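Chains, contacts and geometry: an overview
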Amino acid sequence: MSKKKRGLKWHSDAQQKQYEREARLQYGPSEVNESIGRWNSYSKARQEAIKAEGGQIYIDLAEAMEAGLGAADENVRDILERWQRHLRHFYEPSLERLRGLGQLYNSHPEFIANFQDIHPDLPAYLERVIEAYVDVLETAELERMLAEDEALEQRRGRLSS
């Protein structure tokens, strides 16, 4: 890992309020208020542990990137599964939101700067591996739905014969 082994920088209270306003406009007040309520329900010690966990996830992804691991690597998928579970401390992340976060990490100036503090190439890497991760999750979900549809059709066929 490069000399920059810091985790994420957490923003000020004023920045947090601005992010909350932006999120309310994008996602609606009920979802944002639920997320804030979820976060505020944690003790200060738990909040610090969650922050540390999140920072470690991004450091682990930077180390995977430096090791040349791509999105198909099992270790990268494992880290991304931890990332997805970590997000549940704040909200239930849909596949669309996961994909959007990957894009945001490499397009929003503050996210870019924060992730570049960990590693200069991390924002682009995050976008690539998250995109591939979500593609795999979407494919699995489609296959599950198709299998359910097929099973339903088979049951209907047995009932009508």
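Residues numbered from 1 in each chain as written. Predicted model: local features only at pLDDT ≥ 70, side-chain atom pairs only at ≥ 80, totals over all residues. Heavy atoms only, no water.

1. Notes on the overall build of the chain
We apply this condition: Think of it this way: any DSSP run of H or I at least four residues long counts as a helix, any run of E at least two long counts as a strand, and we number them from the N terminus. For this measure, only C-alpha atoms enter the radius of gyration; the expected value for a globule follows 2.2 Å times N^0.38, where N is the number of residues.
Looking only at helices and strands, one finds 7 helices and 0 strands in the chain. Listing each helix as α and each strand as β along the chain from the N terminus yields α-α-α-α-α-α-α. Scaling as 2.2 N^0.38, a compact globule of 161 residues should have a C-alpha radius of gyration of about 15 Å, whereas the chain reaches 19 Å, well beyond that. A principal-axis box enclosing the C-alpha atoms of the chain has dimensions of 65 × 40 × 30 Å.

2. As for the side chain of Ser35
Selection rule: Only heavy atoms matter for contacts: two residues are in contact if any of them lie within 4.5 Å across the pair.
Looking at where Ser35 falls in the secondary structure, it is placed in helix α2 (residues 29–40). Setting aside residues no more than four positions away along its own chain, Ser35 makes contact with Phe90 and Tyr91.

3. What to know about the packing of helix α1 (residues 13–27) against α2
This is how it is decided: Helix axes are fitted only over the stretch in contact, all axes being lines through C-alpha atoms; the angle between N-to-C directions runs from 0 to 180 degrees. In what follows, roughly perpendicular refers to angles from 65 to 115 degrees, roughly parallel to angles under 35, roughly antiparallel to angles over 145, and oblique to any angle outside these ranges. Gly is placed with the polar residues, together with every amino acid not listed as nonpolar (Ala, Val, Leu, Ile, Met, Phe, Trp, Tyr, Cys and Pro) or charged (Asp, Glu, Lys and Arg).
Look at α1 against α2: their axes get within 7 Å of each other, and the N-to-C directions meet at 135 degrees. Here α2 runs oblique to α1, going by the angle between their axes. Residue-level inspection shows Glu20, Ala23, Arg24 and Tyr27 of α1 in contact with α2, the latter providing Pro29, Glu31, Val32, Asn33 and Ile36. Residue composition of the contact of α1 with α2, grouped by class: 5 nonpolar, 1 polar and 3 charged.

4. A word on the nonpolar core
Under the convention used in this document: Note on terminology: a nonpolar core comprises buried Ala, Val, Leu, Ile, Met, Phe, Trp, Tyr and Cys residues joined through side-chain atoms within 4.5 Å. For every residue, the accessible area (1.4 Å probe, protein chains only) is compared with the maximum for its type, and the residue is labelled buried under 20%, exposed over 50%, or partly exposed between those bounds.
By size, the foremost hydrophobic cluster in this structure holds 24 residues, and its most contacted members are Tyr58, Leu61, Trp83 and Leu122. Contact partners of Leu61, with chain neighbours within four places excluded, come to Val76, Ile79, Leu80, Leu122, Tyr125 and Leu126.

5. Remarks on α1
The periodicity of an α-helix, 3.6 residues per turn, causes residues three or four positions apart to be oriented the same way. This is how the line gets drawn: Given the number of residues in a helix, its expected span is that number minus one, multiplied by 1.5 Å.
Under the 1.5 Å per step criterion, the end-to-end length of α1 is 20 Å for 15 residues, consistent within 8% with the ideal 21 Å. Note on α1: the residue one or two positions beyond its end, Gly28, has a positive phi of about 100 degrees.

6. A closer look at the confidence of the model for the chain
Worth spelling out the cut-off: One confidence number per residue, pLDDT, is output by the predictor and ranges from 0 to 100.
Residues at a pLDDT of 70 or more form 95% of the chain, whose mean pLDDT is 90. Averaged pLDDT values for the elements of the chain fall to 81 in α1 and rise to 98 in helix α4 (residues 74–87).

7. Observations concerning the pattern of salt bridges
Inclusion rule: What makes a salt bridge here is a side-chain nitrogen of Lys or Arg within 4 Å of a carboxyl oxygen of Asp or Glu, nothing more.
Taken as a whole, this structure holds 11 salt bridges when the rule is applied. The closest approach of N and O atoms between Glu31 and Arg97, which form a salt bridge, is 2.6 Å. With Glu31 in helix α2 and Arg97 in helix α5 (residues 95–105), this pair connects stretches of sequence that are 66 residues apart. Exposure remark for Arg97: the relative accessible area of 19% places this residue in the buried category.

8. A look at helix α7 (residues 122–160)
The terminal C-alpha atoms of α7 lie 56 Å apart, and with 39 residues this matches the ideal 57 Å at 1.5 Å per residue to within 8%. Listed as buried for α7 are Leu122, Pro123, Tyr125, Leu126, Val129, Ile130, Tyr133 and Val134. The elements touched by buried residues of α7 are α3 (44–66), α4, α5 and α6 (109–118).

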